[in-house]
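Examination of the molecular architecture
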Amino acid sequence: MHRTVRAAASEEALAHRFHDTRRLSCALAAPLSDADATVQSMPDASPAKWHLAHTSWFFEAFILRDVAGYEPFDPSYAYLFNSYYESEGARQPRPLRGMLTRPSLDRVLDYRRHVDAAMEAVLQTPSPRQAELAELGVNHEQQHQELMLTDLLHLFAQNPLHPAYAAPEHRLDGVPEPLDWVAFDGGIVRAGHEGDGFAFDCEAPAHDALLAPYALADRPVTNAEWRSFIDDGGYRRPELWLSDGWTWVQAEGAEAPLYWTPAAEKGRWLRFGLDGLHPIEPAAAVTHINYYEADAYARWAGARLPTEAEWEHAGSGLTPDAGHFLDDAGPVRPRATGPGDGLRDMFGNVWEWTGSAYLPYPGFAPAEGAVGEYNGKFMCGQFVLKGGSCATPRGHARASYRNFFYPHQRWQFTGLRLAKSL
Ligand code: AVJ
Ligand code: FE
């Protein structure tokens, strides 16, 4: 009896989360024209329309297709909106996602309503497998909400008119809080996900990790500190860079984070964000830096990047939802870490690069079925980022969460927190 009541309550919670997540995606796309939602600015980025459709296809392909009587909205969408699932067949090539002027944005929104209606019926009495896949689908859509915003930012950054996705209500003034260190003894600690809550397959199995004594900076690196790095020749000194990083600096002619542009006044910088083009805010966390830049900065600062296990151990006692996330009022942009004691802005604000490769934990097994392609096959050549960003929906992040990108990529809200060995 007790079990049944609990199950019913959690089904209701899942149905609500499904509804809220689906609605948020549409709300995020509401300011966009069909043109805004159609163009693809680079192969790594996808059109907003594609995100809206792909997240719907996910529910269709992995849940609804097996529901008796379900009629797919349009059979051709499996080709258009499959991302990378080989077991689901051929697909529109990723770099050509921006060629889909049809279906229109309106038609994609109709597709969403069709999928929502069918899913809402399923979620009244889901089987355990349907509930599990729906939970995955909700978390998947949350990932795409963040990607949709970072992809839009990249698109708008190509436009010399500097369009703002949302206008700022106020400037972020002020000077950075002084940086302090928080020490940890290390020892044998638990890493990875354990317990009842949702986690992606790549966060498991939980396992022991051995940590030597270390310290983490109490806040992320700021724009003001990054400017000191630039002014000190950071982008011109090969001794600060990994070999691959230096190759990247030279190939790109990189001299600042992505979206920074020199202001007319010498030595000053502007940065482009979802709130438009503005002078950089000295106290805000630096963002749109790649792994090579994060690593070079840490070397310049006499420190290093934290390992994933160090970061996770430090973050495991904190409350993720207390951070600065997408749901907060105001434009989506990193904030300045406020005064206080101990580790701040570990969750939300900016993703923090770790020095750890994105590899399977000992005993890792991909999820059952077609969704086994979700994470495991990307465990090659990428690095782990922790904590979430100002574009991550609140509730999505946790200490064991493993985001991952290639070391040259920097269009996400990526930043860093320094670490050192004691
Ligand atoms: C975890 C953000 C690297 O972008 O491919 C979306 C998220 N996985 N759909 C990605 C994801 C499947 C993933 N990242
Ligand atoms: Fe996806």
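About the criteria used
- Residues numbered from 1 in each chain as written.
- Chains lettered and ligands numbered in written order.
- Predicted model: local features only at pLDDT ≥ 70, side-chain atom pairs only at ≥ 80, totals over all residues.
- Heavy atoms only, no water.
- Pairing = 2+ DSSP bridges.
- Helix = DSSP H or I, 4+ residues; strand = E, 2+ residues; numbered from the N terminus.
- Axes fitted to C-alpha atoms, helices over the stretch in contact; angles between N-to-C directions.
- Polar contact = N/O pair within 3.5 Å; in protein donor to acceptor, adjacent residues only side chain to side chain.
- Contact = heavy atoms within 4.5 Å.
- Core = buried A, V, L, I, M, F, W, Y, C linked by side-chain atoms within 4.5 Å.
- Buried < 20%, exposed > 50% of the residue type's maximum accessible area, 1.4 Å probe, protein only.
- Domains from an automatic or database assignment.
- Donors = N, O, S within 2.8 Å, 3.2 Å for Na, K, Ca; no water.
- Tetrahedral: all angles 85-135°; square planar, octahedral: opposite > 155°, others 65-115°.
- Near = heavy atom within 4 Å.
- Areas by Shrake-Rupley, 256 points an atom, 1.4 Å probe, with all protein chains shown as cover.
- Phe/Tyr/Trp six-rings, centres within 6.5 Å; stacked < 30°, edge-to-face > 60°.
- Lys NZ or Arg CZ within 6 Å of the ring centre and 35° of its normal.
- UniProt positions renumbered as here; feature names shortened; annotations may be inferred.

With antiparallel pairing, 3 strands are arranged side by side in an open sheet as β1-β4-β12. Two strands in the sheet have a free side with no partner beyond their single neighbour: β1 (181-184) and β12 (419-421). Recorded for the sheet is a direction-independent mean angle of 25° between the axes of neighbouring strands. Direction of pairing for β1 relative to strand β4 (residues 214-217): antiparallel, over a ladder of 4 bridges.

Attention shifts here to the side chain of R402. When you line up the elements, R402 lands in the loop between β9 (383-386) and β10 (403-405). Looking at R402, its side chain comes within polar contact range of the main-chain oxygen of L359, at 2.9 Å. Beyond its immediate chain neighbours, meaning those up to four positions away, R402 contacts C202, E203, E308, A357, Y358, L359, Y361, M379, V384, L385 and K386.

One finds F81, M119, L149, W226, W241 and L416 to be the most contacted residues of the largest nonpolar core, which totals 96 residues. It is helix α5 (residues 128-157) that provides the largest number of residues to this core, a total of 10 residues. Counting the residues that make up this core, at least three belong to each of domain 1 (1-158) and domain 2 (181-421). Those residues in contact with L149 that sit more than four places away from it in its chain are L28, Y165, L274, L326, V332 and A391. Residues V189, Y214, L343 and A419 belong to the second largest nonpolar core, which totals 18 residues.

The protein atoms that coordinate the iron ion (ligand 2) are H54 (NE2), H140 (NE2) and H144 (NE2), at distances spanning 2.1 to 2.2 Å. With 4 donor atoms in place around the iron ion (ligand 2) and angles of 88 to 175° between them, the coordination shape is irregular. Every donor residue of the iron ion (ligand 2) comes from the same chain, spaced as H-x85-H-x3-H. Pair noted here: H140 and H144 are both in helix α5, with a separation of 4 residues, about one helical turn. Judged by relative accessible area, which is 10%, H144 ranks as buried.

With that out of the way, let us pick up the site of ligand 1. Around ligand 1, the neighbouring residues are Y84, H140, Q143, H144, L147, Y374, N403, F404 and F405. Contact distances for ligand 1 include 3.3 Å between a nitrogen atom and a side-chain N or O atom of Y84. One of the side-chain N or O atoms of H144 is found 3.1 Å from a nitrogen atom in ligand 1. Compared with its free state, where it exposes 350 Å², ligand 1 has 86% of that area covered by protein.

Enumeration according to the criterion identifies 35 aromatic pairs in this entry. Taking the centre distance of 5.6 Å and the plane angle of 45° together, the rings of Y235 and W241 count as tilted. Here the two residues Y235 and W241 agree in accessibility, since each one is buried. Above the ring of W50, the side-chain terminus of R97 is found at 3.6 Å from the ring centroid. When the ring centre of Y361 is taken as reference, the NZ or CZ atom of R402 above it lies at 4.0 Å.

This paragraph deals with the UniProt feature "domain: Sulfatase-modifying factor enzyme-like" (unreviewed entry) in the protein. Within this structure's numbering, the places UniProt gives as "domain: Sulfatase-modifying factor enzyme-like" (unreviewed entry) are residues 180-317 and 342-420. As a span, residues 180-317 carries 27% helix and 22% strand, and end to end its C-alpha atoms are 19 Å apart. For residues 342-420, the end-to-end C-alpha separation is 16 Å, with 0% helix and 23% strand making up the annotated structure.

Turning our eyes to something else, we now look at the UniProt feature "domain: DinB-like" (unreviewed entry) in the protein. The sites that UniProt annotates as "domain: DinB-like" (unreviewed entry) are residues 18-147. Taken end to end, residues 18-147 comprises 54% helix and 0% strand; its first and last C-alpha atoms sit 18 Å apart.

A few words now on the sheet that holds strand β7 (residues 276-279). What the 3 strands build is an open sheet, ordered β5-β6-β7; its pairing is antiparallel. Here the strands that pair on one side only, and so sit at the sheet edges, are β5 (260-262) and β7. For this sheet, the mean inter-axis angle between neighbouring strands, taken without regard to orientation, is 30°. With 3 bridges joining them, β5 and strand β6 (residues 269-273) adopt antiparallel strand pairing. Across the sheet, W260 pairs through a bridge with R271, a residue of β6.

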